[in-house]
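Residue-level listing of the chains:
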Amino acid sequence: MGSERALLLIADIGGYTDYMRAHRMSLAHAEVNTARLLEAVIDAAGDFELIEIEGDAAFLSRQADAGDGDAAVAAMTEAIVGMHHAFHRERRYVASVLCPCDGCVQADNLKLKFVAHVGEVATQTIRNRRKLVGIDVILVHRLLKNAVPAPEYVLFSEELYATGAAGRLEPMHEVAQELEGIGEVRTYFADIADVAGPPPPMPAPGWPERLGRTVGVAGRGMPYMLGLRRRRRAAAGH
């Protein structure tokens, strides 16, 4: 088991639990739409490595070498902006389908938030899958439960904030919170709108394209409706 210093980043879809409370057809389409959104987010993550998909969230990591602080933080900021824009472009795509079920109609209410930390992690490989473990992995997951008063935000741990990363994300606001098994910590957040700005404009799709997207959602949702594929579950607490 090796260890390294790493930037840890979780991109979490907000509103997922309420979104998944639907009847069977809506649930199948909600699964498809959430998968599309997560795929778009992961594809836009830059040089961050996907460690695991955790229900409604993507857990990512990037090695943080000594002396690489500015470059690492710049990479994180760029990844966050790219993932946020990709999420909202894909959300507009999902919202353009013609299906009237809740799983399609309510997709436009989903949000994206980020929590980030820097710390020491240990690496395990189990059945050819790389996993990260350690107290800092636990900490970044605990940060998902917070009192940040914004629907979409970037939340930094105190350790990451102390690197000077906040200079790229001002204005940031301090918020103290109690983490289970860890105790009280100080964290710092910025509204994602202040960091990423609005997503680039996307041309409105025509009726043939919207119809094609609707058929695509119906086709991808069929395995869920038939019970051939199990639904994802939100990640359990670490």
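Residues numbered from 1 in each chain as written. Predicted model: local features only at pLDDT ≥ 70, side-chain atom pairs only at ≥ 80, totals over all residues. Heavy atoms only, no water.

Caption draft 1: Highlighting the confidence of the model for the chain. For the chain, per-residue confidence averages 82 on the pLDDT scale, and residues scoring 70 or more make up 81% of the total. Element-level pLDDT for the chain is lowest in helix H8 (residues 207–225), with a mean of 68, against a maximum mean of 96 in helix H5 (residues 135–142). (pLDDT = per-residue confidence, 0-100. Helix = DSSP H or I, 4+ residues; strand = E, 2+ residues; numbered from the N terminus.)

Caption draft 2: The packing of aromatic side chains, seen in detail. Inspection of the entire model under this criterion finds 1 aromatic pair. Between Tyr161 and Tyr188 the ring centres are 3.6 Å apart and the planes differ by 5°, which places this aromatic pair in the stacked class. Here Tyr188 lies in strand E8 (residues 183–191) and Tyr161 lies in helix H6 (residues 158–161), a separation of 27 residues in the sequence. (Phe/Tyr/Trp six-rings, centres within 6.5 Å; stacked < 30°, edge-to-face > 60°.)

Caption draft 3: Molecular detail of the pattern of salt bridges. Evaluation of the coordinates by the stated rule reveals 8 salt bridges. Two residues, Arg62 and Asp47, come together in a salt bridge whose shortest N-O distance is 3.1 Å. One end of the pair, Arg62, is in strand E3 (residues 57–63); the other, Asp47, is in the loop between helix H2 (24–43) and strand E2 (49–54), and 15 residues separate them in sequence. Exposure remark for Arg62: the relative accessible area of 14% places this residue in the buried category. In this structure, Glu52 engages Lys131 in a salt bridge whose closest nitrogen and oxygen atoms are separated by 3.2 Å. Taken together, the positions of Glu52 in strand E2 and Lys131 in strand E5 (residues 129–133) put the pair 79 residues apart, joining distant regions of the chain. By relative accessible area, Lys131 is classed as partly exposed at 27%. Salt bridges sharing partners connect three or more residues here, namely Glu4, Glu49 and Arg130. (Salt bridge = Lys/Arg side-chain N within 4 Å of Asp/Glu carboxyl O. Buried < 20%, exposed > 50% of the residue type's maximum accessible area, 1.4 Å probe, protein only.)

Caption draft 4: Focus on the nonpolar core. Ranked by internal contacts, the top residues of the largest apolar core, which has 33 residues, are Met76, Met83 and Phe114. Elements represented by at least two residues in this core include exactly strand E1 (2–14), H2, E3, helix H3 (69–95), strand E4 (111–126), strand E6 (153–157), E8 and helix H7 (192–196). In terms of residue count, the dominant contributor to this core is H3 (6 residues). Setting aside chain neighbours within four positions, we find Met83 in contact with Leu9, Ala11, Val41, Ala44, Ala45, Leu60, Leu112 and Phe114. If you look at the next biggest cluster of nonpolar residues, it comprises 21 residues, including Val137, Tyr153, Leu155 and Val175. (Core = buried A, V, L, I, M, F, W, Y, C linked by side-chain atoms within 4.5 Å. Contact = heavy atoms within 4.5 Å.)

Caption draft 5: Quick look at the environment of Cys104. Positionally, Cys104 belongs in helix H4 (residues 102–105). A relative accessible area of 2% places Cys104 in the buried class. In the structure, Cys104 is positioned 78 residues away from Ser26 in sequence and 7.3 Å away in space, judged by C-alpha atoms. Sequence-distant contacts of Cys104, that is, excluding residues within four places in its chain, are made with His29, Asn33, Val97, Cys99 and Val217.

Caption draft 6: Examining the pairing of strand E7 (residues 173–179) more closely. Note that E7 and E8 share 7 bridges and pair antiparallel. Within E8, the position partnered with Glu174 by the bridge is Tyr188. Two successive antiparallel strands, E7 and E8, enclose a turn made up of 3 residues, where Gly181 displays a positive phi of approximately 80°. (Pairing = 2+ DSSP bridges.)

Caption draft 7: Up close: a nonpolar patch on the surface. A surface patch of nonpolar side chains, amounting to about 260 Å² of accessible area, comprises Leu98, Leu211 and Val215. Note that Leu98 resides in the loop between H3 and H4. (Patch = residues over 30% accessible without salt bridge, like charges linked within 9 Å, V, L, I, M, F, W, Y side chains within 5 Å. Areas by Shrake-Rupley, 256 points an atom, 1.4 Å probe, with all protein chains shown as cover.)

Caption draft 8: Geometry of the environment of Val73. Within the fold, Val73 resides in helix H3. With 90 residues separating them in the primary sequence, Val73 and Thr163 have C-alpha atoms 8.7 Å apart.

Caption draft 9: Main features of the pairing of E3. Across the 7 residues of E3, 6 count as buried, placing the element largely inside the fold. Taken together, the 5 bridges between E2 and E3 define a ladder with antiparallel strand orientation. Directly across from Glu49, in E3, lies its bridge partner Ser61. Counting the residues between successive antiparallel strands, the hairpin from E2 to E3 contains 2 residues, one of them, Gly55, with a positive phi of roughly 70°.

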